[in-house]
Amino acid sequence: MPELRRVLANGVELNVALSGSGPAVLLLHGFPHTWELWTDIMADLSGRYRVIAPDLRGFGASGRAASGYDAGALAEDAAALLATLGISSAAVVGIDAGTAPAFLLALRRPGLVRRLVVMESLLGRLPGAEDFLADGPPWWFGFHSAAPHLAETVLEGHEAAYVDWFLNAGTLDDGVPPAIRNAFVRAYTGREALRCAFSYYRALPESAVQIEQAVATARLTMPTMALGARPVGAALERQLRPITDDLTGHVIEDCGHIIPLHRPHSLLTLLRPFLAGEDAKARDRGGADIR
């Protein structure tokens, strides 16, 4: 089992799971997840790496901050966490709500991020996702960010059913292990937990501006891998292609949005060689579909 530690980073106390030794790998989860999203991934990678999986600010057992849910602030949380742990270089892996912070961390602090993996999310309003967004963003984006406190008021007392919907949809109705499902439900139960989670969505316009400003003056220079499944597919790769020097893209077939829980072995098949520095492009030019 990973070690759980409380770490003060950028003014918020983060709950952090730590496992293994070696080069650092930082894992950033999304909604409605906690660090336990990465359970299978940590168990495998900890044989070769120092794996660090925080609950993002306001999520899980981390501090319920009043503000700071924009991607830029979350990126600074990640940088401060690595600094506090004495880590000067890390591979960074982000999914869903963790993708934009991972991306901004890599753009703003390229010396800190040696490799970048992002999956199943879009990066603000960057070109490339027009087909995915042809019918508008997913319905819950509007619900979570609508009138203040509306989503919290509607969902309080019904959190388990709501979390279950996302877990089932994100695994193509396969579901997740009961222990992890219960951990996620606990993490998102209560008005304050919901407020923090929805604050991320309410900060998306600010995050989009931060992303646009960052790509106006910088490119991703480190090896980068974009992974998609259902529903995002290759949209994230298309957004990244014009602003990345060394990009590999894959779509994992028969896989729902929650890749680390739904298809952990397929994810690890891609992560292991990429993190080890093998030239994925030489093996698999132009990307591939992985089953």
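Just so we're clear, the structure is a prediction, and the values are computed from it rather than from any experiment.

Reading the values: rules and limits
- Each chain has its residues counted from 1, running along the sequence as written.
- Totals for whole chains, interfaces and linings use all residues, but because this is a predicted model, local features are given only for residues with pLDDT of at least 70 and pairs of side-chain atoms are given and counted only at 80 or more.
- Calculation of side-chain values draws on the structure's entire complement of heavy atoms; hydrogens and water are dropped beforehand.
- Numbered from the N terminus, helices here are DSSP runs of H or I no shorter than four residues, and strands are runs of E no shorter than two.
- Atoms considered for the radius of gyration are the C-alpha atoms alone. The globule rule reads 2.2 Å times the number of residues to the power 0.38.
- Remark: exposure states derive from per-residue accessible area (1.4 Å probe, protein chains only) relative to the maximum for the residue type, with buried under 20%, exposed over 50%, and partly exposed in between.
- Every residue pair with non-hydrogen atoms within 4.5 Å of one another is taken to be in contact.
- Only the protein chains shown count as covering a residue, and every accessible area follows the Shrake-Rupley method with a 1.4 Å probe.
- Any two strands with at least two DSSP bridges between them are considered paired.
- The definition of a nonpolar core used throughout is a set of buried Ala, Val, Leu, Ile, Met, Phe, Trp, Tyr and Cys residues joined through side-chain atoms within 4.5 Å.
- Orientation is described by axes fitted as lines to C-alpha atoms, over the contacting stretch for helices, and by angles from 0 to 180 degrees between their N-to-C directions.
- Any angle that falls under 35 degrees is termed roughly parallel, while one over 145 is termed roughly antiparallel, one within 65 to 115 roughly perpendicular, and all others oblique.
- Two helices cross in a left-handed way if the nearer one is turned anticlockwise from the farther one by less than a right angle. They cross in a right-handed way if the turn is clockwise.
- Under this grouping Gly is polar, as are all residues other than the nonpolar Ala, Val, Leu, Ile, Met, Phe, Trp, Tyr, Cys and Pro and the charged Asp, Glu, Lys and Arg.

Considering the overall build of the protein
Counting its secondary structure elements, the protein contains 13 helices and 9 strands. By the compact-globule yardstick of 19 Å for 291 residues, the protein fits well, its C-alpha radius of gyration being 17 Å. Dimensions of the protein, computed from C-alpha atoms along their principal axes, come out at roughly 50 × 45 × 40 Å. A buried classification covers 57% of the 291 residues belonging to the protein. Contacts in the protein between residues far apart in sequence, at least 24 positions, make up 75% of those at least 6 positions apart. Of the roughly 11500 Å² of accessible surface on the protein, 53% is carried by carbon and sulfur atoms.

So, the pairing of strand β7 (residues 224-230)
Most of β7 is tucked away, with 6 of its 7 residues classed as buried. As paired elements, strand β6 (residues 113-119) and β7 share 4 bridges and run parallel to each other. The residue of β7 that forms the bridge with V117 is M225. Alignment of β7 against strand β8 (residues 247-256), held across 6 bridges, turns out to be parallel. Bridge pairing in β8 links G228 to V251.

Brief notes about the environment of P231
Here P231 is to be found in the loop between β7 and α10 (235-240). You can call P231 exposed: its relative accessible area is 52%. Expressed as a C-alpha distance, the spacing of P231 and F132, which sit 99 residues apart in the sequence, is 8.4 Å. Excluding its chain neighbours within four sequence positions, the residues that come into contact with P231 are E120, F132 and H257.

Focus on the environment of L150
Its location among the elements puts L150 in helix α5 (residues 150-155). Each C-alpha atom, one on L150 and one on D246, is 43 Å from the other, the two residues being 96 residues apart in sequence.

Some remarks on the nonpolar core
W38, F103 and L240 are the most contacted members of the largest nonpolar core, which has 103 residues in total. The leading source of residues in this core is helix α2 (residues 71-84), at 8 residues.

Considering helix α7 (residues 178-187)
For α7, every residue scored as buried is listed here: I180, A183, F184, V185 and A187. At its buried positions, α7 is contacted by α1 (39-45), α6 (159-169), α8 (191-202) and α11 (259-262).

Some thoughts on the packing of α2 against helix α3 (residues 99-108)
Following both chains from N to C, one finds α2 and α3 inclined at 70°, their axes separated by 8 Å at the closest point. As judged from the angle between their axes, α2 and α3 are roughly perpendicular. As for how α2 packs across α3, the hand of that crossing is right-handed. Residue-level inspection shows A71, G72, L74, A75, E76, A78 and A79 of α2 in contact with α3, the latter providing A100, P101, L104, L105 and R108. Its residues assigned to classes, the contact of α2 with α3 shows 9 nonpolar, 1 polar and 2 charged.

Things to note about unusual backbone geometry
Negative phi values dominate among residues other than glycine, just as trans dominates among peptide bonds. Here the amide bond leading from F31 into P32 is cis, since omega sits at -5°, within 30 degrees of zero. Take P32: it is sitting in the loop between β3 (24-28) and α1. A positive phi is found at H149, a non-glycine position, where the angle reads about 75°. Along the polypeptide, H149 turns up in the loop between α4 (139-145) and α5. With phi around 55°, L172 is a residue other than glycine that occupies positive phi space. Structurally, L172 can be placed in the loop between α6 and α7. L172 gets classed as partly exposed once you look at its relative accessible area, which sits at 25%.

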